[in-house]
Amino acid sequence: MDATNGEIKKALVSLAVESTLLDMGRPVLEEVERSLYQNYRCYIPDCYEHPEYLKNVLHDLYGASHSNIVKIIQKSLEEFSYQKPIENFLKIISE
Amino acid sequence: MKDIIKKSKDYEDDWVPIIDKSLTRLILRAFGDDDKEKILRVLAKKPDMISSVLEICKIPKTSGYRKINSLIDDGLLLPVGLGRGVDGKKITQYVSAFENLQIEIVKNKVVVKVQIHKAVEDLPDSKIKDLANVTVN
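Q: Would you mind going over the overall build of chain B with me for this structure?
A: Counting its secondary structure elements, chain B contains 7 helices and 6 strands. The linear arrangement of helices and strands in chain B, starting from the amino end, is α-β-α-α-β-α-α-β-β-β-β-α-α. Residues classed as buried in chain B amount to 49% of the 137 residues present. Here the contacts in chain B between residues at least 6 apart in sequence split such that 55% fall between residues at least 24 apart. Put simply, chain B shows about 7200 Å² of open surface, and 51% of that area lies on carbon and sulfur atoms.

Spelled out as structure tokens, the structure:
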């Protein structure tokens, strides 16, 4: 298989974040994408390696209520949280 | 899944991009599970009986059969023929629907591309249904 385990996990996390934001409305997704690029020159998939960027952006945009978004992302990735990179991603965005 | 198998013939390089978001999610969630990924990778090489695959992947039978059944229900494992068990009994052989998987990440876009397994491409729809009725062992 061409796809590596790391690429699969990165895509899985990226899709979970995108779906969560999209469920809250396309403007929410677009705002987060814009803010990630403006502040860190990065895109949603890059947050797999830099979860702190996503955490900061969600906090800056939505204040205390960002924890609700984090909870939905956590729930969506719960069954994969036994895997170290995903556990690490979830841990950092929820700090 | 049948739609994707049919579509694969339209692509010269055999790589079919998965457009549907829910199917993309289903594929990534299957490959994102360590045990399911091992099963799919082993059965992407050649068809085999479930008991052999679980042995090769070193997955305990209880959880292994649960994961195999989930992959069959999702259409990611397909029955392609019959093999012989140690007692000579006919047992269904399964293969991964995809021989290969590619992930392209460009900016905010994640695109999953698959190559349909040759053993599945050549199998008529009716044959798949007939074989699917054989007990999983």
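Picking up after the structure, the text goes on.
Q: Got a minute to help me understand the side chain of D35(B) in this structure?
A: Mapped onto the fold, D35(B) is located in helix α3 (residues 34-45). Contact partners of D35(B), with chain neighbours within four places excluded, come to I59(B) and K67(B).

Q: Can you help me understand the interface of chain B and chain A in this one?
A: Interface extent is often summarised as the accessible area lost during association of the parts. With 24 residues of chain B in contact, the opposing surface of chain A contributes 24 residues. For the pair chain B and chain A, the summed buried surface comes to about 2200 Å²; carbon and sulfur atoms form 56% of the total. Among the residues chain B hides against chain A, the three largest losses belong to R29(B), R41(B) and N108(B). Together they make up 29% of the total. Between E18(A) and K21(B) there is a salt bridge, with the nearest N and O atoms lying 2.9 Å from each other. At the level of elements, α2 (21-32), α3 and β5 (98-106) of chain B are the ones that each hand at least two residues to the side of chain B that touches chain A.

Q: What should I look at first to understand the confidence of the model for chain B in this one?
A: Residue and element names in this part refer to chain B. Here chain B shows a mean pLDDT of 86. Residues at 70 or above account for 83%. Here residues 129-137 is a poorly scored stretch, pLDDT under 50, and it has 18 contacts once near neighbours within four places are set aside; other chains count. Overall fold confidence for the complex sits at a pTM of 0.89, while the interface term, ipTM, reaches 0.92.

Q: Is there a simple way to think about the sheet that holds strand β3 (residues 77-84) of chain B in this case?
A: Two orientations exist for strands paired in a sheet by backbone hydrogen bonds: parallel and antiparallel. Residues and elements named next belong to chain B. Ordered in space as β2-β4-β3, the 3 strands form an open sheet in which the pairing is antiparallel. Of all the strands in the sheet, just β2 (48-49) and β3 have a single pairing partner and so form its edges. Along the sheet, α3 makes contact with β2, β3 and β4 (90-96), crossing β4 at roughly 100°.

Rules behind the numbers
Residues numbered from 1 in each chain as written. Chains lettered and ligands numbered in written order. Predicted model: local features only at pLDDT ≥ 70, side-chain atom pairs only at ≥ 80, totals over all residues. Heavy atoms only, no water. Helix = DSSP H or I, 4+ residues; strand = E, 2+ residues; numbered from the N terminus. Buried < 20%, exposed > 50% of the residue type's maximum accessible area, 1.4 Å probe, protein only. Contact = heavy atoms within 4.5 Å. Areas by Shrake-Rupley, 256 points an atom, 1.4 Å probe, with all protein chains shown as cover. Buried area = accessible area lost by both parts, 1.4 Å probe. Salt bridge = Lys/Arg side-chain N within 4 Å of Asp/Glu carboxyl O. pLDDT = per-residue confidence, 0-100. Pairing = 2+ DSSP bridges. Axes fitted to C-alpha atoms, helices over the stretch in contact; angles between N-to-C directions.

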